[in-house]
Amino acid sequence: AGVNFGDDWAFYGARGSYAPADGLSVFLDLGMAKPDGGDSGFCVQGGAIYTLVQGDPCDIALRGAVAKPNVENMTILNFNVAVLASQAIQSGLTIYGGLGMNYLSWEIEYDVPTYGYSYDYGYPIYTMTGTKKHTLDDTETDISITAGALFEISEGLSIFGELSNIDDMFFGGGIRAQFN
C-alpha cells in the first residue's frame, strides 16, 4: 500500500502481484486518483516486470504498465515502459532506479456558459442563456526517471520511498507486505 504525490495529482492505493514464472511478476494496482482542485476517482493500473539479469553488478528488469484513472469529466490513459536496476547494498536495504518512456493521453470535458440577449420590458439584456459542452485533449510522451529505496523491517515486511520525474516530480512511499 502506498501514496504518490505530484504537483497536480495525488494517488493512493494498494498493489497485488503474482509470479507465474521464474523472473516474471504481474501486478494490479487499485486505488484513488485526486487531481488538485478536483474530486477523487477510482484508478486501476496493471503491468508486468520481467527480470533480464540477476546478480553482479545488479539486477536488471523490464517493466511495462497501463494505468486508467477515472476522474470526473476526465478521460486518461497512461502507458509506461522502463528498464529497472536494483541492488541490495547492505542487510535489508535495496536501492533501485529506472529509466523509460511514458505516454499520456487525456481529455477533459466541461460546460461553457453561453450568452445572448434577452429582453426585459423591451430592453435588451446580455445574459447567460445556457451551457454547451467543450473538450480539451492532448497526448504527450516524456522520459521517466525513478530512484528509490526499499528497507526490510522484518521478514516479509518492508517500507519504501521513491522520487520519480515524468514531466513533473512525484514523491512516493508506503509499506510492502510479502506473502510466500
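These figures come from a predicted structure and were not determined experimentally.

Draft legend 1. Structural detail: the nonpolar core. Within the largest apolar cluster, seven residues are counted, these being W9, A33, C43, V71, M74, I76 and F170. With sequence-adjacent residues up to four places away left out, C43 is seen in contact with F11, D29, L30, G31, M32, A33, K68 and P69.

Draft legend 2. Up close: unusual backbone geometry. Its identity is not glycine, yet N73 carries a phi of approximately 60°, on the positive side. Within the element layout of this structure, N73 appears in the loop between β5 (59-69) and β6 (74-90). You will see that D167, though not glycine, has its phi angle at about 70°, which is positive. Tracing the backbone through its elements, the reader meets D167 in the loop between β9 (157-166) and β10 (168-177).

Draft legend 3. Highlighting the side chain of Q45. If you trace the backbone, Q45 turns up in strand β4 (residues 41-53). A residue is classified by how much of its surface remains accessible, and Q45, at 17% relative accessible area, is buried. Reaching out from Q45, the side chain makes a polar contact with the side chain of D29 at a distance of 2.6 Å. Once residues within four sequence positions are removed from consideration, Q45 is found in contact with R15, F27, L28, D29, R63, A65, V66 and A67.

Draft legend 4. Highlighting the sheet that holds strand β2 (residues 9-21). One closed barrel accounts for 10 strands, arranged β1-β2-β3-β4-β5-β6-β7-β8-β9-β10; its pairing is antiparallel. The sheet shows a mean angle of 25° between the axes of neighbouring strands, taken without regard to direction. Note that β9 and β10 share 10 bridges and pair antiparallel. Paired with L157 across the bridge in β10 is A177.

Draft legend 5. Up close: the packing of aromatic side chains. Here the structure, examined in full by the defined rule, presents three aromatic pairs. Taking 5.7 Å as the distance between ring centres and 10° as the angle between the ring planes, the aromatic pair formed by W9 and F11 counts as stacked. Given the relative accessible area of 25%, F11 is considered partly exposed. A centroid spacing of 6.1 Å and a plane angle of 35° characterise the contact between F79 and Y103, whose relative ring orientation is tilted. Highlighted residues: F79 in strand β6 and Y103 in strand β7 (residues 93-120), separated in sequence by 24 residues. The exposure class assigned to F79 is partly exposed, which follows from its relative accessible area of 35%.

Draft legend 6. Structural detail: the side chain of N78. Take N78: it is sitting in strand β6. What makes N78 buried here is its relative accessible area of 16%. Among all residues touching N78, those that are not within four sequence positions of it are A65, V66, A67, N102, Y103 and L104.

Draft legend 7. Geometry of the environment of K68. With respect to the helices, strands and loops of the structure, K68 is situated in strand β5. With 97 residues separating them in the primary sequence, K68 and N165 have C-alpha atoms 19 Å apart. Ignoring sequence-local partners within four residues, the contact set of K68 consists of F42, C43, V44, T75, I76 and L77.

Draft legend 8. Structural detail: a nonpolar patch on the surface. Among the surface-exposed residues, V3, F5, Y12, L28, L30, M32 and F42 lie close enough to one another that they form a single nonpolar patch of about 600 Å² accessible area. Elements supplying a minimum of two residues to the nonpolar patch: β1 (2-6) and β3 (24-35). The greatest single-element share of the nonpolar patch, amounting to three residues, is contributed by β3. As for its position among the elements, M32 is in strand β3. Judged by its relative accessible area of 36%, M32 is partly exposed.

Calculation criteria
Residues numbered from 1 in each chain as written. Predicted model: local features only at pLDDT ≥ 70, side-chain atom pairs only at ≥ 80, totals over all residues. Heavy atoms only, no water. Core = buried A, V, L, I, M, F, W, Y, C linked by side-chain atoms within 4.5 Å. Buried < 20%, exposed > 50% of the residue type's maximum accessible area, 1.4 Å probe, protein only. Contact = heavy atoms within 4.5 Å. Helix = DSSP H or I, 4+ residues; strand = E, 2+ residues; numbered from the N terminus. Polar contact = N/O pair within 3.5 Å; in protein donor to acceptor, adjacent residues only side chain to side chain. Pairing = 2+ DSSP bridges. Axes fitted to C-alpha atoms, helices over the stretch in contact; angles between N-to-C directions. Phe/Tyr/Trp six-rings, centres within 6.5 Å; stacked < 30°, edge-to-face > 60°. Patch = residues over 30% accessible without salt bridge, like charges linked within 9 Å, V, L, I, M, F, W, Y side chains within 5 Å. Areas by Shrake-Rupley, 256 points an atom, 1.4 Å probe, with all protein chains shown as cover. Salt bridge = Lys/Arg side-chain N within 4 Å of Asp/Glu carboxyl O.

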